[in-house]
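Structural description and commentary
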Amino acid sequence: MGEMKTYLNYINGMCVASSSGEVEGSVNPANRHEIVGYVQKSSIADVNEAVVAAKAAKLGWRKLSGSARGEYLYKVADKLERRLEEIAAMMTREMGKTFPEAKGETARGIAILRYYAGEGMRKTGDVIPSTDSEALMFTTRVPLGVVGVITPWNFPVAIPIWKIAPALIFGNTIVFKPAQETAVTAALVMECFEEAGIPAGVVNMVTGQGDVIGQAIADHPDIHGITFTGSDRIGKMVGQSALAKGAKYQLEMGGKNPIIVVNDADLDLAVEATVSGGLRSTGQKCTATSRVIVQSDVYDVFKMKLLQRIKEIRVGNGMEASTWMGPCASEKQYLTVLAYIAKGIEEGGTLLCGGGKVEDEALDAGYFISPTVFEHITSSMTIAQEEIFGPVLALIKVDSFEEAIHIANDVKFGLSASIFTKDFSKMLTFMHEMDAGLVRINAESAGVELQAPFGGMKMSSSGSREQGQAAIEFYTEIKTVFIKS
Ligand SMILES: NC(=O)C1=CN([C@@H]2O[C@H](COP(=O)(O)OP(=O)(O)OC[C@H]3O[C@@H](n4cnc5c(N)ncnc54)[C@H](OP(=O)(O)O)[C@@H]3O)[C@@H](O)[C@H]2O)C=CC1
Ligand SMILES: O=C(O)CCC(=O)C(=O)O
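Residues numbered from 1 in each chain as written. Chains lettered and ligands numbered in written order. Predicted model: local features only at pLDDT ≥ 70, side-chain atom pairs only at ≥ 80, totals over all residues. Heavy atoms only, no water.

What follows deals with the packing of aromatic side chains. Going through the model one piece at a time under the given rule, you end up with six aromatic pairs. Measuring from centroid to centroid gives 5.5 Å for Trp153 and Phe389, while their planes differ by 80°, and the two rings are edge-to-face. Of the two residues, Trp153 is situated in the loop between β6 (146-150) and α5 (158-169) and Phe389 in the loop between α12 (382-385) and β15 (392-398); the sequence distance between them amounts to 236 residues. For the pair Trp162 and Phe454, a centre-to-centre distance of 5.7 Å together with 80° between the ring planes defines the contact as edge-to-face. Taken together, the positions of Trp162 in helix α5 and Phe454 in the loop between β18 (438-441) and β19 (457-458) put the pair 292 residues apart, joining distant regions of the chain. A single burial state applies to Trp162 and to Phe454, both of which are buried. Across the ring face of Tyr299, the terminal group of Lys397 is positioned such that the distance to the ring centre comes to 4.9 Å. For the cation-ring pair, Lys426 lies above Phe401, with the distance from its terminal atom to the ring centre recorded as 5.7 Å. (Phe/Tyr/Trp six-rings, centres within 6.5 Å; stacked < 30°, edge-to-face > 60°. Helix = DSSP H or I, 4+ residues; strand = E, 2+ residues; numbered from the N terminus. Buried < 20%, exposed > 50% of the residue type's maximum accessible area, 1.4 Å probe, protein only. Lys NZ or Arg CZ within 6 Å of the ring centre and 35° of its normal.)

This part is about the site of ligand 1. The immediate surroundings of ligand 1 are formed by 29 residues, with Thr151, Trp153, Ser231, Lys332 and Glu387 found nearest. The contact in question runs from a nitrogen atom of ligand 1 to an N or O atom on the side chain of Gln215, over 3.1 Å. The contact in question runs from a nitrogen atom of ligand 1 to an N or O atom on the backbone of Met253, over 2.8 Å. Burial of ligand 1 by the surrounding chains reaches 88%, relative to a free accessible area of 870 Å². Broken down by secondary-structure element, the contributors of at least two residues to the shell around ligand 1 are α7 (210-219), β9 (225-229), α8 (232-245) and α11 (331-346). Here the shell around ligand 1 gets four residues from one element, more than from any other, and that element is α7. Taken together, the residues of the shell around ligand 1 break down into twelve nonpolar, twelve polar and five charged. Structurally, the shell around ligand 1 is a two-domain feature, drawing no fewer than three residues from each of domain 1 (6-253 + 462-484) and domain 2 (257-449). (Near = heavy atom within 4 Å. Polar contact = N/O pair within 3.5 Å; in protein donor to acceptor, adjacent residues only side chain to side chain. Areas by Shrake-Rupley, 256 points an atom, 1.4 Å probe, with all protein chains shown as cover. Nonpolar A, V, L, I, M, F, W, Y, C, P; charged D, E, K, R; others polar. Domains from an automatic or database assignment.)

Before going further, it helps to examine a nonpolar patch on the surface. Judged by side-chain polarity, Val127, Leu136 and Ile483 come together as a nonpolar surface patch covering roughly 270 Å² of accessible area. Looking at where Val127 falls in the secondary structure, it is placed in the loop between α4 (99-119) and β5 (135-143). Val127 sits in the exposed class, given a relative accessible area of 63%. (Patch = residues over 30% accessible without salt bridge, like charges linked within 9 Å, V, L, I, M, F, W, Y side chains within 5 Å. Salt bridge = Lys/Arg side-chain N within 4 Å of Asp/Glu carboxyl O.)

What follows is about the sheet that holds strand β11 (residues 257-261). Pairing between sheet strands relies on hydrogen bonds along the backbone, with the strands arranged either parallel or antiparallel. Taken together, seven strands build an open sheet; the order of strands is β13-β14-β15-β12-β11-β17-β18 and the sheet is mixed. With one partner strand each, in any of the chains shown, β13 (350-353) and β18 form the two edges of the open sheet. Direction aside, the axes of adjacent strands within the sheet are offset by 25° on average. In this structure, β11 lies alongside strand β17 (residues 416-420), joined through three bridges in parallel fashion. Opposite Ile260, over in β17, you have Ile419 as the bridge partner. Running over the sheet, helix α13 (residues 401-408) touches β11, β12 (289-295), β15 and β17 and is turned about 165° from β12. (Pairing = 2+ DSSP bridges. Axes fitted to C-alpha atoms, helices over the stretch in contact; angles between N-to-C directions. Contact = heavy atoms within 4.5 Å.)

What follows deals with the domain arrangement of the protein. When its domains are assigned, the protein resolves into domain 1 (6-253 + 462-484) and domain 2 (257-449). Between the C-alpha centres of domain 1 and domain 2 there is a distance of 31 Å. With 24 residues of domain 1 at the contact, the number on the domain 2 side is 29 residues. Taking both partners together, domain 1 and domain 2 bury about 2,100 Å²; carbon and sulfur atoms supply 57% of that area. Together, Pro29, Arg32 and Trp153 form the three largest contributors to the area buried by domain 1 at its contact with domain 2, with a combined 26%. At the junction of domain 1 and domain 2, the tally comes to one salt bridge. We note a salt bridge from Lys412 to Asp232, for which the minimum N-O separation is 2.8 Å. Every element with two or more residues in the side of domain 1 that touches domain 2 is listed here: β4 (31-40), α3 (84-95) and α4. When residues of the side of domain 1 that touches domain 2 are assigned to their parent elements, the largest contribution, five residues, is made by α3. By residue class, the composition of the side of domain 1 that touches domain 2 is eight nonpolar, seven polar and nine charged. (Buried area = accessible area lost by both parts, 1.4 Å probe.)

With that settled, the discussion passes to the environment of Phe482. Along the chain, Phe482 turns up in strand β20 (residues 476-484). Aside from chain neighbours lying at most four places away, what touches Phe482 is Ser130, Asp132, Ala135, Leu136 and Met137.

So, about the UniProt feature "active site" (unreviewed entry) in the protein. Using the residue numbers shown here, the UniProt feature "active site" (unreviewed entry) corresponds to Glu252. Summarising the element assignment, Glu252 is placed in strand β10 (residues 248-252). You can call Glu252 buried: its relative accessible area is 3%. In this view, Glu252 contacts Phe228, Thr229, Gly230, Phe454, Gly455, Gly456, Ser460, Ser461, Ser464, Arg465 and Glu466; residues no more than four positions away in its chain are not counted. (UniProt positions renumbered as here; feature names shortened; annotations may be inferred.)

Given below as structure tokens:
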């Protein structure tokens, strides 16, 4: 059970309490009576202090060679690897995802650190022939300066690392604001940076309310780049603040990801992908499947197989080996999901399974919702349009492949999309016509690989891409150099 430790901010190489003197408890969503630790409820003064530290550290850090900066990232990866089980267990206790998922995510964080450590040795520019034959013209890349990192609670290790690692390798210093919901897990990740001996001020973390700390980061004149993952509502506000002060920004926001099941699909594989893509992590992935668009000839068989498979799902505390799906990450998220389920019923959807809290006394203290499937859903209904971020699937029956693509595109988001078919020409049409940053054929909608660009179209992102080699585009600016002897 919880050891009730109080976790501090990390500013200028030191763990410090907030100037506000306030802390708040982080609650285990599998058992609302358990506090897993206390975190700082910081003030704007703490953000200002962190920015001063990051600004002071920036010259020294950018002057190091890429490989020297990479050495630090390798060391952080080693520290995280040594603490993998401990950090994953805290993640499970703090936000509910199952322990195997939390371990997988932490391992992914380690791999991301090592990937970007290697990037410190790769080329950063091109030689471009000048019209002056006695000159040398080339491009190089320079860091933005201080980068603000604002992250959500659904991937409390991987998302911060996929932002912080490229920011650092390309020479930026950072001020990090994790979701308060998972600030204890974030504090453990910060300890790995500290243990790796990262120079003071290069990495700073300030925890606290989003509308105070996140907003202060978005508004601060000495923060030159902001990378954000979270809701489209807050993302838009962060983007506007960044634009107002002339900072670069990168927003990764929601999804309303479809899976299309064509008449010729392998239905067993499609069912497995729907369950895994839609319900793992309790549906709390921006890439989670939430609309299941099925062609009419196979609709009934697919539905029957899906409901059979869902019956096997064991919901419970993520630390128990028998659990396949944990709770919603917080009371707020639990209430949001219940409200969407109520809306689905009110608007005429038919519940096929689930539809509310898990009826099991042993789980009463947690935010557990049964895997829920609706049918008779049309594209204009709220649950077919808005991101739910919970274990809820909406079945939409269509007559043709063309109608399936039309409905799949009929939302404001465009993050990820999946199709199951054996027909190569349909695969190609889907690839070309689907408005999504990730199109996945005969594979589930979730499943991001760290070495590939990740991001969405339409309201899912600001048009930017994260991860892989795409990260350099956000975390650096190009300088064109002209030298004449
Ligand atoms: N794309 C994705 O991966 C995610 C999407 N979501 C979607 O968002 C919905 C709401 O989740 P929620 O956690 O409230 O997401 P938010 O967008 O509110 O939170 C994301 C991050 O932004 C911070 N934040 C909040 N307000 C501001 C602000 N005014 N300025 C700057 N930063 C701010 C949050 O801090 P704090 O939380 O500490 O207040 C958190 O660190 C979910 O139901 C889901 O639909 C959520 C998480 C991830
Ligand atoms: O699908 C994944 O693994 C990543 C999803 C993601 O980035 C998110 O939910 O924010």
